[in-house]
Amino acid sequence: MNRARMVLDKDHKIAEVDPRLYGSFIEHLGRAVYGGIYEPGHPEADEQGFRKDTLKLVRDLNVPIVRYPGGNMVSAYNWEDGVGPLEDRPRRLELAWRTIETNQIGTNEFADWARKAGSEVMMAVNLGTRGIDAARNLLEYCNHPGGTYWSDLRREHGYAEPHAIKTWCLGNEMDGPWQVGQKTPHEYGRIAKETAKAMRLVDPTIELVACGSSNSSMATFPEWESVTLDHTYDEVDYLSLHQYFGNYDNDSQNYLAYTMELDRFIKTVLATCDYIKAKKRSQKTMMLSFDEWNVWYHSKQADQKMDPWTIAPPLLEDHYNFEDALLVGGILITFLKHADRVRMACMAQLVNVIAPIMTENAGAAWKQTIYYPYQDVSVHGRGMSLQPLISSPKMDTREFNDVPWLESAAVHDEASGRLTVFALNRHLRESLTMELQLHGFEGYQLVEHSVLENDDLKAVNTATAQQVRPHSNGRSNFSEGTLQAQLNKASWNVLRLERRPA
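In this report, the structure presented in the accompanying data block is examined. Counting from 1, residues in each chain are numbered in the order their sequence is written. Thresholds applied to this predicted model are a pLDDT of at least 70 for local features of residues and 80 or more for the giving and counting of side-chain atom pairs; totals over whole chains, interfaces and linings are not thresholded and use all residues. For the side-chain quantities, the full set of heavy atoms in the structure was used; hydrogens and water were omitted.

This part takes up the overall build of the chain. By definition, any uninterrupted DSSP run of H or I lasting at least four residues is a helix, any uninterrupted run of E lasting at least two residues is a strand, and each is numbered from the N terminus. A count of helical and extended segments in the chain gives 11 helices and 25 strands. For the chain, whose C-alpha radius of gyration is 23 Å, the value lies close to the compact-globule estimate of 23 Å for 502 residues. Taking the principal axes of its C-alpha atoms as reference, the chain extends roughly 70 × 60 × 50 Å. Buried, partly exposed and exposed residues are distinguished by accessible area as a fraction of the type maximum, computed with a 1.4 Å probe on protein chains only: under 20%, between the cut-offs, and over 50%, respectively. Taking all 502 residues of the chain together, 59% fall into the buried category. In this analysis, two residues are considered to be in contact whenever any of their non-hydrogen atoms come within 4.5 Å of each other. Counted over contacts in the chain with a minimum sequence separation of 6, partners at least 24 positions apart contribute 77%. A 1.4 Å probe and the Shrake-Rupley method give the accessible areas. Residues count as covered only by the protein chains that appear here. Accessible surface for the chain amounts to roughly 19,200 Å². Of this, 47% is attributable to carbon and sulfur atoms. Restricting the calculation to C-alpha atoms gives the radius of gyration, and the globule rule supplies 2.2 Å times the number of residues raised to the power 0.38.

As structure tokens, this is what we get:
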């Protein structure tokens, strides 16, 4: 019998989980906005044209923050095009994705949508074709109460109260040759620093995110982090990380081990941040914002065949399968294990574009396979991330050695008396018995063991059939501080314990 052991002690803590770890992302890309969150004339459209069916699925995910408006799109975006009377807004060539942007949704409308979704806005500014002036003006428009040109313009547009947006990204993927206005690390570091200084003069309460490398395979990684932080360390609060994964070689066992590469990526960025901290003799510790992450590979061939200069074409519409959901669960576990430094993260994206939620134009909205682990961790992963001690069988894959079968993280909410254990058995053929010893959790009882599993790793969900969805028939028992749980092959497990009422 295959066994893994895990020990959790109530006092062995990593950090309080920042709720923004479960953020997401909406870019003016494909059908994310038009047809995704916004579709006037849809049977579920509200008075502003926002789809209520989509909003419900977003609220059920409990998404705390949503990054906007990009992404690659922001690097050639004039934010002024998206405010004021709809009939006066220009149509523009959107250069990042080579589509037509109608600007029917802009800053104010998105702030309205975010409020309806129960989310905050993480706003990105254009440091590709623009810079300090446009960034400070946008911040004044969004956050200043009134009595100035830009704040009074917002009021003229029907928004008397400031949007009070607190989290701002200083550009997007500025190291990428695909980016309009690509910068060298010194060029980006200088403009990001000076933009940050100006923005803090407008509103000293904001938090700022500097661009890290676009992914861990960039030729300039991690030199980019070192150089840009050398310029910006004193001015910013977070450094961004972006990473996408795909099973290009159809090697599913190797694919589920990519969380090991993710862990290495995070540790390398942290080491670079701490080197700059030491170099500057700083007292400040740089935090991380993993503000783009997901599986992305299914749609890439189809996207290459799209005609340019259309409105809201179906771009980046990955249809996720069961193994993708398993990897997403493993990614979220990895974030929880780094909750002391990874304070924010944004699944990219939220609707239609590499997303947990899909919609049909004039039709239904539905949950992709990856919706379920994302919902599990967002809803139940609030509280204190605990440090697990894990002993697991290991295996080798094509790219990785000593890959544990078991990936697990745990979150304890002292106030509510809830403890949640997230457990991934990534072995494709073998089940695993997990023995979990709990220290300091006297008086707790097991209330649910939900499982996401499917014999077909390639099973997908559609608008009419949810082949991949969790059930609550997990096999486990809890007695005298020890939990025994059967983790079936290739399965995502959520074990929820609660303190018994006094």
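Once that is clear, we can look at helix α4 (residues 149-156). Those residues of α4 that sit buried are W150, S151, L153 and R154. One side of α4 carries all its buried residues, which in axial view fall inside an arc of 155 degrees. Of the exposed residues in α4, those oriented more than 90 degrees away from the buried face are Y149 and E156. Positive backbone phi, approximately 100 degrees, marks G158, located one or two places after α4. The directions considered for the arc are those from the helix axis to the C-beta atoms.

Quick look at the packing of aromatic side chains now. A pair of Phe, Tyr and Trp rings is counted when the ring centres sit within 6.5 Å of each other, with Trp represented by its six-membered ring. The angle between the planes then sorts it: under 30 degrees is stacked, over 60 is edge-to-face, the rest tilted. Scanning all chains against the criterion turns up 21 aromatic pairs. On the basis of an interplanar angle of 75 degrees and a centroid distance of 6.1 Å, the ring pair of Y34 and Y38 is categorised as edge-to-face. Taken as a pair, Y34 and Y38 share a single burial class, namely buried. Plain terms: the ring middles of F441 and Y444 are 5.3 Å apart, the flat faces sit at 90 degrees to each other, and that makes the pair edge-to-face. Side by side, F441 and Y444 carry an identical accessibility label, which is buried. Here the aromatic residues F245, Y248, Y255, Y258, Y297 and F400 are joined through ring pairs into a cluster of three or more. Lying over the aromatic face of Y233, K284 brings its terminal NZ or CZ to 5.4 Å of the ring centre. In this scheme, Lys NZ or Arg CZ marks a charge over a ring once it lies within 6 Å of the ring centre and within 35 degrees of the ring normal. In this structure, K300 is placed above the aromatic ring of W296, and the distance from its NZ or CZ to the ring centre is 4.4 Å.

Once that is clear, we can look at the nonpolar core. Core analysis: the biggest nonpolar cluster contains 146 residues, and W113, W168, L170, F290 and F335 have the highest contact counts within it. Top contributing element to this core by residue count: helix α10 (residues 322-337), with 10 residues. Take the buried Ala, Val, Leu, Ile, Met, Phe, Trp, Tyr and Cys residues and link them wherever side-chain atoms come within 4.5 Å; each set so joined is a nonpolar core. In terms of nonpolar packing, the next biggest core, distinct from the first, is built from 11 residues, F25, M122, M344 and C346 among them.

Read around the closed barrel, 8 strands run β3-β4-β7-β8-β9-β10-β11-β12, paired in parallel fashion. Within this sheet the neighbouring strands show an average axis-to-axis angle of 30 degrees, counted without direction. Paired strands, in this sense, are two strands between which DSSP finds at least two bridges. Of the strand pairs in this sheet, strand β3 (residues 23-25) and strand β4 (residues 65-68) are connected by 2 bridges, and their pairing is parallel. Paired with F25 across the two strands is R67, which belongs to β4. Relative to the sheet, helix α5 (residues 185-202) contacts β7 (120-125), β8 (167-170) and β9 (207-210), its axis offset from that of β8 by approximately 150 degrees. Note on geometry: axes are lines fitted to C-alpha atoms, helical ones only across the stretch in contact, with angles between N-to-C directions running from 0 to 180 degrees.

On to the environment of G70, then. Within the secondary structure layout, G70 lies in the loop between β4 and β5 (92-94). Here G70 falls in the buried class, since its relative accessible area comes to 0%. Spatially, the C-alpha atoms of G70 and V125 are 8.7 Å apart, while their sequence positions differ by 55 residues. Contact partners of G70, with chain neighbours within four places excluded, come to F25, I26, E27 and A124.

What follows covers the packing of helix α1 (residues 52-61) against helix α11 (residues 371-380). Orientation of α1 relative to α11, taken along the N-to-C sense of each, is 50 degrees, at an axis distance of 8 Å. Taken together, the axes of α1 and α11 lie oblique to each other. Residues L57, D60 and L61 of α1 lie in contact with α11, whose contacting residues are Y371, Y374, Q375, S378 and V379. Each residue is assigned to one class: nonpolar for Ala, Val, Leu, Ile, Met, Phe, Trp, Tyr, Cys and Pro, charged for Asp, Glu, Lys and Arg, and polar for all the others, Gly among them. For the contact of α1 with α11, the class distribution of residues is 5 nonpolar, 2 polar and 1 charged. Angle categories are assigned with fixed cut-offs, so that under 35 degrees is roughly parallel, over 145 is roughly antiparallel, 65 to 115 is roughly perpendicular, and the rest are oblique.

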